[in-house]
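# Fold and geometry: a report
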Protein chains: 4
Amino acid sequence: MRVSIVGITGYSGLELVKLLNNHKKVTIASIHATKEIGRRLSDLYPYLVGVCDLVIEEFDAKKIMAKSDLVFFATPSGVASKLAQPFVEADFPVIDLSGDHRLPAYLYEKWYKKTPASDEALNKFTYSLAEFTDVKGKKFISNPGCYATATELALIPLLKAGVVEEDSIIVDAKSGLTGAGKALSESSHFVNVHDNYVTYKLNRHQHIPEIVQELKLFDDKVNHIQFSTSLLPVNRGIMSTVYVKLKKPLTNANLFAIYEDSYKDTPFVRVQDDLPELHNVIGSNFTDIGFLYNEVTNVLTVVSVIDNLIKGAAGQAVQNLNLMNGWDETEGLLISPNYL
Amino acid sequence: MRVSIVGITGYSGLELVKLLNNHKKVTIASIHATKEIGRRLSDLYPYLVGVCDLVIEEFDAKKIMAKSDLVFFATPSGVASKLAQPFVEADFPVIDLSGDHRLPAYLYEKWYKKTPASDEALNKFTYSLAEFTDVKGKKFISNPGCYATATELALIPLLKAGVVEEDSIIVDAKSGLTGAGKALSESSHFVNVHDNYVTYKLNRHQHIPEIVQELKLFDDKVNHIQFSTSLLPVNRGIMSTVYVKLKKPLTNANLFAIYEDSYKDTPFVRVQDDLPELHNVIGSNFTDIGFLYNEVTNVLTVVSVIDNLIKGAAGQAVQNLNLMNGWDETEGLLISPNYL
Amino acid sequence: MRVSIVGITGYSGLELVKLLNNHKKVTIASIHATKEIGRRLSDLYPYLVGVCDLVIEEFDAKKIMAKSDLVFFATPSGVASKLAQPFVEADFPVIDLSGDHRLPAYLYEKWYKKTPASDEALNKFTYSLAEFTDVKGKKFISNPGCYATATELALIPLLKAGVVEEDSIIVDAKSGLTGAGKALSESSHFVNVHDNYVTYKLNRHQHIPEIVQELKLFDDKVNHIQFSTSLLPVNRGIMSTVYVKLKKPLTNANLFAIYEDSYKDTPFVRVQDDLPELHNVIGSNFTDIGFLYNEVTNVLTVVSVIDNLIKGAAGQAVQNLNLMNGWDETEGLLISPNYL
Amino acid sequence: MRVSIVGITGYSGLELVKLLNNHKKVTIASIHATKEIGRRLSDLYPYLVGVCDLVIEEFDAKKIMAKSDLVFFATPSGVASKLAQPFVEADFPVIDLSGDHRLPAYLYEKWYKKTPASDEALNKFTYSLAEFTDVKGKKFISNPGCYATATELALIPLLKAGVVEEDSIIVDAKSGLTGAGKALSESSHFVNVHDNYVTYKLNRHQHIPEIVQELKLFDDKVNHIQFSTSLLPVNRGIMSTVYVKLKKPLTNANLFAIYEDSYKDTPFVRVQDDLPELHNVIGSNFTDIGFLYNEVTNVLTVVSVIDNLIKGAAGQAVQNLNLMNGWDETEGLLISPNYL
């Protein structure tokens, strides 16, 4: 299969190159950006010399449809809603890594403050958290957000099991700086981040409605979550620390059974005895999940960790690609975490 | 006033030297450790050459009482409970930075797994969170723990005001590595910490009973808290992120009034419009506190930040010293945060 | 003495505030910037609440001369050359932390690519590396660059002693990111710096002519140096690693005698047995110097470390202020290094 | 081919697992350590769950020879000299990643202060810097050290071309902390490394004789080098900054030609226009090399960067494995750098 990538110079686009390069069933047919047209990607990013020496091309939906079989959008929000439209109209497969096809129009406008995608597009796209969505044969995939992925994977098994006080969900999520994107800003200036820890977008993060919408599929009494986001002084990684009150006390064995019920056959979610740490997943498509129940407070703490650029973006997009096509879910994704 | 410091080579002991060195009313009469007796402190720690060239002496309670007017214990837990006893018996002033005089014997044994101090000692010591305790004229001060300081300062004003659902308190606290002490361990080995984020001692941290005990003084319906502790890949700093449900909705103005009621005359607590960040307090004795109420979830998020070695240890000890003696509370402590 | 600071929102300006705040002989009369006129400095930088609540004023040379006795320029290059002119004409004291009065006009133009200061100004200013310049009674001080300070202090004693092969000087200097200033850029974007190490401006750094000019005062056969600059993923600190061939072998004792000859009475230079490390000086005005001679290669390695914002900028400026006025050189500068 | 790894719990051993896991021609037959016998590797290192679940076995040379075709030693120095002896005697293939077979006995004793390997072993082993050694058909490979790899690759092309003043070589090399190994020590304690930069083992690093020995093969007038080693506050990566005086001035084109002559056909050395940075090689087997000639000082600066655990250890070991067996040199090693 030939694929094109739009938004190649963002962090997710670059990560897609890395993953697809080792994917046996896929060839990258073209890469697209709004700048640096005509230059080799490896001239701009010398780490890619000898890895990917493709030339950046202008975006042209027709040409992409002529030379490819599927297109990835790894663009900032507000772009795919426009640029993906010709593909939608032509029924040409799209995987959108951005937030543009995750929410109904009114919620998108409210949280993203941008013009939403067309109703036609929104109807065609399927939001696919890979472990819980059947996308075989689908053509239009909306890939989940990074915080959303970590948080939904932590909560869904509990909600499926019906054990959570729905009103009690509090999420204290932390992300490395690649999650904040490539644009220069005071908040991503080295000296302002290093040796610091900053909470931002409290109650205002655009992944909140996406998470609530997905959680509701598994427990329709979930109407809101308390969601806090902070910046860790690292490049990669998300830890989502989830606190919930339980409807009734559960043993460790009960809880393992609940998680195993959801994840026993999933290759990328690893349920653990101990609370997980970032090192164990960075560089890989794994999600590690651990939990601890406190009988005194009746609070269950669940911790899930992912690499925000892989399981939280490009890796899950490739996983969805595999699932759409009925390929082995792990193709191109069997990468060991870096560890150090 | 002449003072002695026991446990000089720990991080808190070294920080005391730095602060007392600039204190107009105090001279350091002697410094003590169990190792390196007879060596200059500045031979062991060359950053102190020209700053403090005192020689480390063996611990000897009688000699300390002969040459000093007060002794600081900056020792690991389990030490001051024994070594402070002669001072207690002689009614000689002590400020204990360790956890040895913070809890009743049965709680100390349960959480520290060590032999508690004598009943005589425990009766004499006053736990002093400096902003809320009157220690003028007291001789025995138990200085609060670092996590405890950040968390109590965030919560007490709300509890005093009676606005918190007591059963709902969840604290997600984060600390830099100096909080883990000087002892070498896998969990403080550089490569295991850098680029990582690790949750530890969940529900088991020894500051939990100390916090509950103090909070109860202001709202006796507080019986437990959910308390999570994690290691940030930085040297200094604690952020305590506190989530509580309110008994009824409050406006921002209500909340400011509540915090100002407690802190309008305190020189070291700064209540802020924005959620605070570590950079703004590191290197200083300040505690910065900010908050945000979410009407949708009825959760109030309060964030407080401190330098764990200063406001969380040596700085608050000096603040207590000032208050005991009726001196200006800020003497020796008017240090600007490093910022960068 | 009343002083004004122009360029208050740069890193050096902010550091001046911190130092002058604790200086017994100085009051900050006014602070100036090109933006944020009329706002409290502590509104922009909340770490300063309660430390410095001055309001930022527009630059106006006449008003400054009316309310102050001396003005500091902590401005980017190309600014003081213009704005300091009225003070020069009025014979009103100036300490310029920027590079604008360090070099003769032709060298300034060549290395800074900007219009130089007037000849009148350049004639009046004295370049003052504080340990080697007599500025008592001087009115116009050009404060050395950060890399220049670390490198000159390492080399001058050897050149004074006449032991260095002048043609052999190679400097491998490393700096933290505050040295790169506040402006946003790809090279100071967090993710590009963290976990990275980047060499920049090789042979093109504007401190090169300044260093050669100063070294020549002590050995006029020094005509050039090989000078390499790199970015360490830390906020503060410079290490200058200097390699020179010796004219003839020297013992450790010889070398100590050479350094002691220059530094035995200087309060801020500490000559050490071991090679120094950043931690020992960050947060202070100290320069630590150590060395090691290799008999096999006849190369002497000298390592000097400073805090680039203190000894490399604001601290040395205050030291020069003290020396100009015949005050104790250490006034306002007896700050312990942070260590951790 | 089946292989065994001795020293599995060191950083190089773990990295070998990661690489060999993706190697098409190799199966890991057994893994060995001195501790934790009988436990799954993934129980000790949860990042490996689902990646490598092999059980750690006791070292037993006979059993290894029975079940494997080749053994890697990823052990600390002083171990392979003893444990590899039965394999040497049995003519069973060994790749030793440690320093035990790199130097003649008298130099090993001098620099490592340990008992050297047997003469028989030292005679059989070939030191193989993969780009410059023909190891096809060899059975005993001594894999170069990490600093040595970066430094030799920077210098050999110049020495081959005969353009360097042999007496002038100065190397300022910097390494991340994984280079210091897994043992706990003050110098690898997080708070002592973070925000610090420390020079160590100056003129005493055990890679010095290895480098001189290898350089002499290409220019026998090289008798010594000035070699400085420092710790960067990062986990991975080495930058070797090399300064040499040239026998006569060379243009950039000359220098490119010199490097291309050595590296035009090597898949893992990338000669660059700009000076390289760590980010571009971390996570990969690449060595990036850049240079800049200074006509004023006649100093050529060459910068080479590697991932110390891959090209500096496990990656080069796999590259040597491929070359020994006549396989494609890149098998198992076509991994993109992490970049971020």
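Residues numbered from 1 in each chain as written. Chains lettered and ligands numbered in written order. Predicted model: local features only at pLDDT ≥ 70, side-chain atom pairs only at ≥ 80, totals over all residues. Heavy atoms only, no water.

### Here we look at the relation of the copies chain B and chain A
What counts, and what does not: To line up the copies, we fit them by least squares on C-alpha atoms, keeping just the residues with pLDDT of at least 70 in both. By the convention used here, residues are in contact when the closest approach between their heavy atoms is within 4.5 Å.
When chain B is fitted to chain A, the best match, at an RMSD of 0.0 Å, comes from turning it 180° and sliding it 0.0 Å along the axis. Look at the turn and shift together and you get a two-fold axis relating the two. Mapped onto chain A, 100% of the interface residues of chain B are again interface residues, and the two copies thus contact each other with one and the same surface.

### Re the interface of chain B and chain A
To be explicit about the condition: Buried area counts how much accessible surface, traced with a 1.4 Å probe, disappears from two parts once they are put together, with both parts' losses summed. A carboxyl oxygen of Asp or Glu within 4 Å of a side-chain nitrogen of Lys or Arg is what we treat as a salt bridge. Any N or O atom pair separated by 3.5 Å or less is treated as a polar contact, with the protein-specific requirement of one donor-capable and one acceptor-capable atom, and with residues adjacent in sequence counted only for side-chain atom pairs. Helix and strand assignments follow DSSP, with helices taken as H or I runs no shorter than four residues and strands as E runs no shorter than two, numbered in order from the N terminus. Under the scheme applied here, ten amino acids are nonpolar (Ala, Val, Leu, Ile, Met, Phe, Trp, Tyr, Cys and Pro), four are charged (Asp, Glu, Lys and Arg), and all others, including Gly, are polar.
In this assembly, 39 residues from chain B lie in contact with 39 residues from chain A. A combined buried area of about 3400 Å² lies between chain B and chain A, and 60% of that area is made up of carbon and sulfur atoms. Taken together, the links from chain B to chain A amount to four salt bridges. Across the contact surface, chain B and chain A share 24 residue pairs in polar contact (both at pLDDT 80 or more). Residue assignment for the side of chain B that touches chain A shows that the elements contributing at least two residues are strand E8 (170-175), helix H9 (190-193), strand E9 (198-200), strand E10 (226-231), strand E11 (238-245), strand E13 (287-294) and strand E14 (299-306) of chain B. Here the residues of the side of chain B that touches chain A are counted per class, giving 20 nonpolar, 13 polar and six charged.

### Section: the confidence of the model for chain A
Should pLDDT be low for a region, the predicted coordinates there are not to be read in detail. Stated precisely, the cut-off is as follows: Confidence of the predictor at the level of single residues is given by pLDDT, which spans 0 to 100.
Overall, the predicted model of chain A reaches an average pLDDT of 97, with 100% of residues at or above 70. As a predicted assembly, this complex carries a pTM of 0.97 together with an ipTM value of 0.96.

### Some remarks on the packing of helix H1 (residues 11-20) of chain C against helix H12 (residues 310-324) of chain C
Residues and elements named next belong to chain C. In plain terms, the rule: Axis lines are fitted through C-alpha atoms, for helices just across the contact stretch, and the angle between N-to-C directions can take any value from 0 to 180 degrees. We call two directions roughly parallel when the angle between them is under 35 degrees, roughly antiparallel when it is over 145, roughly perpendicular when it lies between 65 and 115, and oblique otherwise. The crossing is said to be left-handed when, going from far helix to near helix, the turn is anticlockwise and less than a right angle, and right-handed when the turn is clockwise.
Direction vectors running N to C along H1 and H12 enclose 45°, while the axes themselves pass 9 Å from each other. Classified by the angle their axes make, H1 and H12 are oblique. Handedness of the crossing formed by H1 with H12: right-handed. Across the interface between the two elements, Ser12, Glu15, Leu16, Leu19 and Leu20 of H1 pack against Ile310, Ala313, Ala314, Gly315, Ala317, Val318 and Leu321 of H12. For the contact of H1 with H12, the class distribution of residues is nine nonpolar, two polar and one charged.

### Here we look at helix H12 (residues 310-324) of chain A
All names here are of chain A. Stated precisely, the cut-off is as follows: To estimate the expected span of a helix, count its residues, drop one, and scale the result by 1.5 Å. In this scheme, the bend at a residue equals the angle between the axes fitted to the seven residues that finish there and the seven that begin there. Only protein chains enter the accessibility calculation, which uses a 1.4 Å probe; a residue whose area is less than 20% of its type maximum is buried, one above 50% is exposed, and one in between is partly exposed.
Its 15 residues give H12 an end-to-end C-alpha distance of only 18 Å, which falls more than 12% under 21 Å, the value for a rise of 1.5 Å per residue. At Gln316, H12 shows its maximal bend, which comes to roughly 45°. Where burial is concerned, most of H12 is hidden: 15 out of the 15 residues are buried. In the stretch just after H12, Gly326 is the one whose phi turns positive, near 70°.

### Some thoughts on the environment of Ile31 of chain C
Residues and elements named next belong to chain C. Inspection of the secondary structure assignment puts Ile31 in strand E2 (residues 27-32). Sequence-wise, Ile31 and Thr133 are 102 residues apart; in three dimensions their C-alpha atoms are separated by 28 Å. In this view, Ile31 contacts Ile5, Ile8, Leu41, Leu54, Val55, Ile56 and Glu57; residues no more than four positions away in its chain are not counted.

### A word on the pairing of E14 of chain B
Residue and element names in this part refer to chain B. The test is simple: Strands were regarded as paired on the criterion that DSSP finds at least two bridges between them.
The buried fraction of E14 is high, at eight of eight residues. Side chains Val299, Thr301, Val303 and Val305 of E14 all project onto a buried face; the interleaved residues Leu300, Val302, Ser304 and Ile306 project onto the opposite face, where all are buried too. As defined by bridge partners, E11 adjoins E14 across eight bridges and the pair is classed as antiparallel. Within E14, the residue paired with Val244 across the bridge is Leu300.

### With respect to the interface of chain C and chain B
Taken together, the contact pairs 26 residues of chain C with 26 residues of chain B. The largest share of the area that chain C buries against chain B comes from Tyr47, Tyr339 and Leu340 of chain C, three residues that together contribute 28% of it. In this assembly, chain C and chain B are joined by zero salt bridges. There are 12 residue pairs in polar contact (both at pLDDT 80 or more) connecting chain C and chain B. Here the side of chain C that touches chain B is composed, by residue class, of 13 nonpolar, nine polar and four charged.

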